[in-house]
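# Structure assessment
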Amino acid sequence: MPVILSGDRVRQVVATLEDTYPDAAPELDFSNPFELVIAVMLSAQCTDVRVNLVTHELFARYPDAQSLASANIEDVESIIRTCGLYRNKSRNAIAASQMIVDRFCGEVPASREELQQLPGIGRKSANVILSCAMSQDAIAVDTHVYRVSRRIGLSDASTVLGVEKDLMDATPRKKWSQLHHLLIFHGRRCCKAHKPQCQTCTVAHLCGYNASRNKSSSAR
DNA sequence: ATCCCGAGGG
DNA sequence: CCCTCTGGAT
């Protein structure tokens, strides 16, 4: 039985998480749109620490879309090899750069629809780019945001789009980006997929998921 | 073993 | 909905 929080309780959850994670911020810290496009693309199934390492080397050699567009794919592969899925990522990074150059006149497009035309950029990555490098308000729903939102009752939707909409409806536009990072931090540090740390969770008292876990564990 | 702030394709 | 692509960290 899902628990949908009222506006007041949403604010309470956000305020509590804000207090819990005062340093919540994107770990992929690129304000240059092109760099963020590539960094986000590389981040699938890979830690951000590693993305920061390989992008440092990658951008030293290919600083912009023009140079990466004409890069040798084997060179790109050798640079990003250690972050997994490297064949797809290399092909996509080059193809996306080429598309930026000859379809978008060398500028990273600033709409979600256009960003999603870039190979390797889906809805989640497009929203990250918009909110972190384009000063646009968007909520990127990744696996953490999805899982945490459903557990603590910010949404009972069963699709990424549904959760995204519920979060946008429940939160003032100017707080979307912050909410996104708070939920990711909470999902990584506490509200984990398999062993959630409900004992130390600062919003457990607001959380129906925690209540149902307590009930089922004390019942056996 | 299991998980990483996914995307594309069937 | 499902599956596959990948190496590294824990």
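All figures in this text were calculated on a predicted structure; none of them were measured in a lab.

Taken from the UniProt record, the annotation "binding site: [4Fe-4S] cluster" (unreviewed entry) applies to C191, C198, C201 and C207. The largest pairwise C-alpha distance within this set of annotated residues, which runs over 17 residues, is 11.0 Å, so the set is compact in three dimensions. Checked against the element boundaries, C198 lands in the loop between α11 (176–189) and α12 (208–218). Topologically, C207 is positioned in the loop between α11 and α12. Looking at C207, the relative accessible area reads 10%, which means it is buried. Sequence-distant contacts of C207, that is, excluding residues within four places in its chain, are made with R151 and I152.

In this section: the protein's contact with DNA strand B. Not every one of the 21 residues close to DNA strand B is listed here, only the nearest: Q45, G120, S125, R188 and H194. Atoms of DNA strand B within 4 Å of the protein: sugar and phosphate make up 60%, bases the balance. At 3.2 Å, a backbone N or O of Q45 approaches a base oxygen of DNA strand B. Residue G122 places a main-chain N or O atom 3.1 Å away from a phosphate oxygen belonging to DNA strand B. Taken together, the elements giving at least two residues each to the surface near DNA strand B come down to α8 (123–133), α9 (143–151) and α11. Along the lines of polarity and charge, the residues of the surface near DNA strand B split into nine nonpolar, seven polar and five charged.

Remark: α9 packs on helix α10 (residues 160–170), axes separated minimally by 10 Å, with the N-to-C direction vectors making an angle of 65 degrees. As α9 runs across α10, the sense of the crossing is left-handed. Only V160, V163 and L167 of α10 make contact with α9, whose side of the interface consists of V145, Y146, S149 and R150. Tallied by class, residues from the contact of α9 with α10 come to five nonpolar, one polar and one charged.

Right, let's get into the domain arrangement of chain A. Assigned domains of chain A: these are domain 1 (7–25 + 140–218) and domain 2 (33–133). Here domain 1 and domain 2 have C-alpha centroids that lie 29 Å from each other. Opposite the eight residues of domain 1 that make contact, domain 2 presents six residues. Together, the buried faces of domain 1 and domain 2 total about 550 Å²; carbon and sulfur atoms form 59% of this surface. On the domain 1 side of the interface with domain 2, the three residues burying the most area are A140, L161 and E164, jointly 54% of the side's total. Applying the counting rule to domain 1 against domain 2 returns one salt bridge.

Turning next to unusual backbone geometry. For C105, which is not glycine, the phi torsion reads 55 degrees and is therefore positive. Relative to the assigned elements, C105 resides in the loop between α6 (86–102) and α7 (112–115). A relative accessible area of 73% means that C105 is categorised as exposed. Positive phi outside glycine occurs at S135, with the angle close to 55 degrees. Position of S135 among the secondary structure elements: in the loop between α8 and α9. Residue S135 is classed as exposed on the basis of its relative accessible area of 72%.

Per the UniProt record, the feature "domain: HhH-GPD" (unreviewed entry) sits at residues 42–189. The span residues 42–189 is 64% helical and 0% strand by assignment, and the distance between its end C-alpha atoms comes to 22 Å.

Thresholds, definitions, all that
Residues numbered from 1 in each chain as written. Chains lettered and ligands numbered in written order. Predicted model: local features only at pLDDT ≥ 70, side-chain atom pairs only at ≥ 80, totals over all residues. Heavy atoms only, no water. UniProt positions renumbered as here; feature names shortened; annotations may be inferred. Helix = DSSP H or I, 4+ residues; strand = E, 2+ residues; numbered from the N terminus. Buried < 20%, exposed > 50% of the residue type's maximum accessible area, 1.4 Å probe, protein only. Contact = heavy atoms within 4.5 Å. Near = heavy atom within 4 Å. Polar contact = N/O pair within 3.5 Å; in protein donor to acceptor, adjacent residues only side chain to side chain. Nonpolar A, V, L, I, M, F, W, Y, C, P; charged D, E, K, R; others polar. Axes fitted to C-alpha atoms, helices over the stretch in contact; angles between N-to-C directions. Left-handed = near helix turned anticlockwise from the far one by under 90°. Domains from an automatic or database assignment. Buried area = accessible area lost by both parts, 1.4 Å probe. Salt bridge = Lys/Arg side-chain N within 4 Å of Asp/Glu carboxyl O.

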